[in-house]
Amino acid sequence: LAAWNGHAFEAKSVADVMKAFGAGAPAASNDVTLTAPDIAENGAVVPMGVATTLPNVKHMLILVEKNPSTLVAKFDTSDAVEPNFLTRAKMGQSSDVYAVAITNDGKAFFAKKEVKVTLGGCGG
Amino acid sequence: MSDPMRIRAQSQGGNAVVRVLMSHEMETGLRKDAAGKTVPAWHITEVTAMHNGKQVLAAEWGPAVAKNPFLQFTVKGAKAGDKIAISWKDNKGDTRTDEAVVT
């Protein structure tokens, strides 16, 4: 198991998460796919997925911009798995959600979508 | 110890689609209890997957992953009878590993 990158999970913005992974400013890309609903009725359980058709991808991230910590999850891809991951996240409020693919040479590509939350997921 | 994970691995077009449901509180550390005291963070930080003993996936999670986390991914070239093992570790150092056979 790799050491948990607590630093990246403390980041409060998309730019800070990119810095934590040593990646440059992300560029919008049609080769990255974000799966998320338009409206989440319950912010405690929001299905989200990240997929890409780009080659040489090292990390795949799911980010929720307005959460207390922007980074939700990081997946390290390998030759043995499809670069396609689905999970469920919490969202405190309506926010832009990002799917990011970081390549071996530190370039970042993203897809984003606004997800409206009608009931927050942080117990507040 | 926490409850076992529910893992389903189904072969599909030469690959195996793995769906995992873990049993974990995933406490963010931001919530307050009835007495107004902050509930300490308690969440899964690391997840790994093995295919027949070889690591194929590593993930790091923050507290924003939903309670009782769900994960779906696809293992290339995995066929019926292969073993898929999933491990997680949380920020209190607790760990759990469960295994399933591809069907």
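Quantities reported herein were computed from a predicted structural model and do not represent experimental measurements.

Here is what the cut-offs are and how they apply
Residues numbered from 1 in each chain as written. Chains lettered and ligands numbered in written order. Predicted model: local features only at pLDDT ≥ 70, side-chain atom pairs only at ≥ 80, totals over all residues. Helix = DSSP H or I, 4+ residues; strand = E, 2+ residues; numbered from the N terminus. Rg over C-alpha atoms; globule rule 2.2 N^0.38 Å. Buried ≥ 20, exposed ≤ 12 C-beta atoms within 10 Å, placed from the backbone. Contact = placed C-beta atoms within 7 Å. Nonpolar A, V, L, I, M, F, W, Y, C, P; charged D, E, K, R; others polar. Pairing = 2+ DSSP bridges. UniProt positions renumbered as here; feature names shortened; annotations may be inferred. pLDDT = per-residue confidence, 0-100. Axes fitted to C-alpha atoms, helices over the stretch in contact; angles between N-to-C directions.

Helix and strand counts for chain A come out as 2 helices and 9 strands. What you see for chain A is a C-alpha radius of gyration of 14 Å, in line with the 14 Å of a compact globule of 124 residues. In terms of its C-alpha atoms, chain A occupies a principal-axis envelope of roughly 40 × 30 × 25 Å. Within the span of chain A, comprising 124 residues, buried residues form 44% of the whole. Within chain A, contacts between residues at least 6 apart in sequence are counted, and of these 67% link residues at least 24 apart.

Our focus in this paragraph is the interface of chain A and chain B. Where interface size is quoted, it is often the accessible area lost as the parts come together. Counting from both sides, the interface comprises 30 residues of chain A and, opposite them, 29 residues of chain B. The set of elements that each furnish at least two residues to the side of chain A that touches chain B consists of β6 (71-76) and β7 (84-89) of chain A. Grouping the constituent residues of the side of chain A that touches chain B by class yields 18 nonpolar, 7 polar and 5 charged. As defined by bridge partners, β7 of chain A adjoins strand β5 (residues 70-76) of chain B across 2 bridges and the pair is classed as antiparallel. Looking at β5 of chain B, one finds that leucine 86 of chain A is bridged to glutamine 72 of chain B.

Our focus in this paragraph is the UniProt feature "domain: Sulphur oxidation protein SoxZ" (unreviewed entry) in chain B. On the UniProt side, "domain: Sulphur oxidation protein SoxZ" (unreviewed entry) is annotated at positions that read residues 7-100 of chain B here. Secondary structure within residues 7-100 of chain B divides into 0% helix and 53% strand; the distance between the first and last C-alpha atoms comes to 6 Å.

For the rest of this paragraph, the subject is unusual backbone geometry. Of note in this structure, asparagine 56 of chain A is not a glycine but carries a positive phi near 55 degrees. Assignment of secondary structure puts asparagine 56 of chain A in the loop between β4 (46-52) and β5 (57-64). Even without a glycine there, the phi angle at asparagine 68 of chain B is positive, about 50 degrees. Along the chain, asparagine 68 of chain B turns up in the loop between β4 (54-61) and β5.

Moving on: the confidence of the model for chain B. Model confidence for chain B is summarised by a mean pLDDT of 93, while 99% of its residues fall at 70 or above. Both confidence scores are given for the complex: pTM 0.91, ipTM 0.91.

Before going further, it helps to spend a moment on the environment of lysine 83 of chain B. Checked against the element boundaries, lysine 83 of chain B lands in strand β6 (residues 83-90). In this structure, the C-alpha to C-alpha distance between lysine 83 of chain B and arginine 6 of chain B, residues 77 residues apart in sequence, is 14 Å.

Okay, the sheet that holds β7 of chain A next. What the 6 strands build is an open sheet, ordered β2(A)-β4(A)-β7(A)-β5(B)-β2(B)-β1(B); its pairing is antiparallel. Where the open sheet ends on each side, the last strands, each with one partner, are β2 (32-35) of chain A together with β1 (6-12) of chain B. Strand-to-strand twist in this sheet, taken as the mean axis angle between neighbours without regard to direction, amounts to 15 degrees.

A few words now on the pairing of strand β8 (residues 95-103) of chain A. All names here are of chain A. Across the 9 residues that make up β8, a large majority, 7, are buried. Strand direction decides the pairing type here: β5 and β8, joined by 7 bridges, are antiparallel. Residue pairing in the sheet places valine 64 in a bridge with valine 97 of β8. One ladder, built from 8 bridges, connects β8 with strand β9 (residues 108-117); its direction is antiparallel. By the bridge assignment, tyrosine 98 is partnered in β9 with lysine 112. In sequence, β8 turns back onto β9 through a hairpin of 4 residues, with glycine 106 there showing a positive phi of about 80 degrees.

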